[in-house]
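# Chain and residue survey
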Amino acid sequence: MGNAISSLWKGITYKGGPGHYAFILHRLTGLGVALFVILHIVDNFVVMFGEDAFSEVLHLYSNPVMRLLEVFLIFSVIYHAFNGLRVIIMDFWAPSSHVQRTLWWLVWGIVLPLSLIAAWFTLAPVFGLR
Amino acid sequence: MEIINKEYGLPKEKFKGGFETWAWFFMRISGVVLLFIAVIHLLWMHIGIQVENITYDVVRDRWIGPWGPFWKTYDIALLTFALMHGFNGLRWITDDYIKKPGWNAFVKALLLVIFLIVIGMGAYTVISFNG
């Protein structure tokens, strides 16, 4: 256990700049999305038990805390997708390592607007704005 | 840029294969596939339909309606790619942080069991749902 914590701590405190933050966030968002996918398969499985049971499960997702988590989920999927694309570009096209900072900002240029639009659609009903 | 291209050509070594190399390669391939099918699924469900409008009938229309075969195929592809990509990621995380051989093997065996259960549950739901 101490071993796992010390290797995790080394992974966090390593001063690697943007590439390192990208890596940490890629892991966290990947872990979050994987946990949600497991939950999502279980919630969807309930559809086999009929309409009433499924409605009850869906109702759990409607409370404000879950709506906020939904925003994190959307951000996580979009970040993981576009940062993953950045990783693939850098893996297969070596000269891109010279524009890695530009690629990193380009990822945010796509991820942030898309996440904010999705956040609006998700949270507006919670605050009675739409 | 000329200097750069001379300095950083693609590696000359031959592609040797092996499980871990294929796993690495699969993460890139499935990543690109998921960039389309997972992101479209997400944006469609959360911005297109919106979560508060999802009901039993929406699911029935999706899987049993005229586009049923298309969506069932789409969802099986999404399920398979997402779970294989996700659980291979969890396996890599396990290898990075859990170094004790016994615990490492235990966690990976547990991941495999959970993977088999959820892919079974997911495939069963998508395939056998008939309204």
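Source: prediction; values computed, not measured.

About the cut-offs
- Residues numbered from 1 in each chain as written.
- Chains lettered and ligands numbered in written order.
- Predicted model: local features only at pLDDT ≥ 70, side-chain atom pairs only at ≥ 80, totals over all residues.
- Heavy atoms only, no water.
- Helix = DSSP H or I, 4+ residues; strand = E, 2+ residues; numbered from the N terminus.
- Buried < 20%, exposed > 50% of the residue type's maximum accessible area, 1.4 Å probe, protein only.
- Contact = heavy atoms within 4.5 Å.
- Areas by Shrake-Rupley, 256 points an atom, 1.4 Å probe, with all protein chains shown as cover.
- Polar contact = N/O pair within 3.5 Å; in protein donor to acceptor, adjacent residues only side chain to side chain.
- Buried area = accessible area lost by both parts, 1.4 Å probe.
- Core = buried A, V, L, I, M, F, W, Y, C linked by side-chain atoms within 4.5 Å.
- Phe/Tyr/Trp six-rings, centres within 6.5 Å; stacked < 30°, edge-to-face > 60°.
- Lys NZ or Arg CZ within 6 Å of the ring centre and 35° of its normal.

The secondary structure content of chain B amounts to five helices and zero strands. Listing every helix and strand of chain B by position from the N terminus yields α-α-α-α-α. For chain B, the proportion of its 131 residues judged to be buried stands at 41%. Sequence separation of at least 24 residues holds for 70% of the intrachain contacts in chain B that already meet a minimum separation of 6. In the structure as shown, chain B presents an accessible area of about 8100 Å², 73% of it carried by carbon and sulfur atoms.

Another point: the environment of alanine 4 of chain A. In this fold, alanine 4 of chain A is placed in helix α1 (residues 2-13). Taking the C-alpha atoms as reference points, alanine 4 of chain A and glutamine 100 of chain A, separated by 96 residues in sequence, lie 30 Å from one another.

Moving on, we get to the side chain of asparagine 88 of chain B. All names here are of chain B. Assignment of secondary structure puts asparagine 88 in helix α4 (residues 68-97). Overall, the relative accessible area of 9% leaves asparagine 88 in the buried class. Within the local environment of asparagine 88, its side chain forms a polar contact with the side chain of arginine 91, the two groups lying 2.8 Å apart. Beyond its immediate stretch of four places on either side in the chain, asparagine 88 contacts Ala23 and Met27.

Interface extent is often summarised as the accessible area lost during association of the parts. The interface of chain A with chain B comprises 45 residues on the first partner and 44 residues on the second. Note on chain A versus chain B: buried area summed over both sides is about 3900 Å², and carbon and sulfur give 75% of it. Three residues stand out in chain A for area buried against chain B, namely Arg27, Ile41 and Met48 of chain A, and they jointly supply 15% of the buried area on that side. Applying the counting criterion to the chain A and chain B interface returns five residue pairs in polar contact (both at pLDDT 80 or more). Among the secondary structure elements, those contributing two or more residues to the side of chain A that touches chain B are α1, α2 (17-45), α3 (51-60), α4 (64-92) and α5 (100-123) of chain A. At 14 residues, the largest contribution of residues to the side of chain A that touches chain B is made by α4 of chain A.

All right, on to the side chain of glutamine 50 of chain B then. You can see glutamine 50 of chain B is positioned in the loop between α2 (19-49) and α3 (56-64). Here glutamine 50 of chain B is in contact with Phe121 and Arg130 of chain A together with Trp44 and Met45 of chain B, once residues within four sequence places are set aside.

A few words on the nonpolar core. As a rule of thumb, soluble globular proteins bury nonpolar side chains together. Ile41, Tyr79, Phe82 and Val111 of chain A together with Leu83 and Phe87 of chain B are the most contacted members of the largest nonpolar core, which has 33 residues in total. Secondary-structure elements contributing two or more residues to this core are α2, α4 and α5 of chain A together with α2, α4 and α5 (101-128) of chain B. In terms of residue count, the dominant contributor to this core is α4 of chain A (eight residues). Counting residues in each nonpolar core, the second largest holds seven residues, with Tyr56, Val59, Val126 and Phe129 of chain B among its members.

With that out of the way, let us pick up the packing of aromatic side chains. Applying the stated rule across the entire model yields 19 aromatic pairs over all chains. Seen in terms of ring centroids, phenylalanine 92 of chain A and tryptophan 24 of chain B are 5.7 Å apart; in terms of plane orientation they differ by 55 degrees. Their pairing is tilted. With one member in each of two chains, phenylalanine 92 of chain A in helix α4 and tryptophan 24 of chain B in helix α2 form a pair that bridges those chains. On the basis of relative accessible area, phenylalanine 92 of chain A is assigned to the partly exposed category, the value being 39%. On the basis of relative accessible area, tryptophan 24 of chain B is assigned to the partly exposed category, the value being 32%. Taken together, the ring pairs in this structure connect Phe75, Tyr79, Trp104, Trp105 and Trp108 of chain A into an aromatic cluster. Its guanidinium or amino end placed over the ring of tryptophan 71 of chain B, arginine 62 of chain B lies 4.2 Å from that ring's centre, counting from NZ or CZ.

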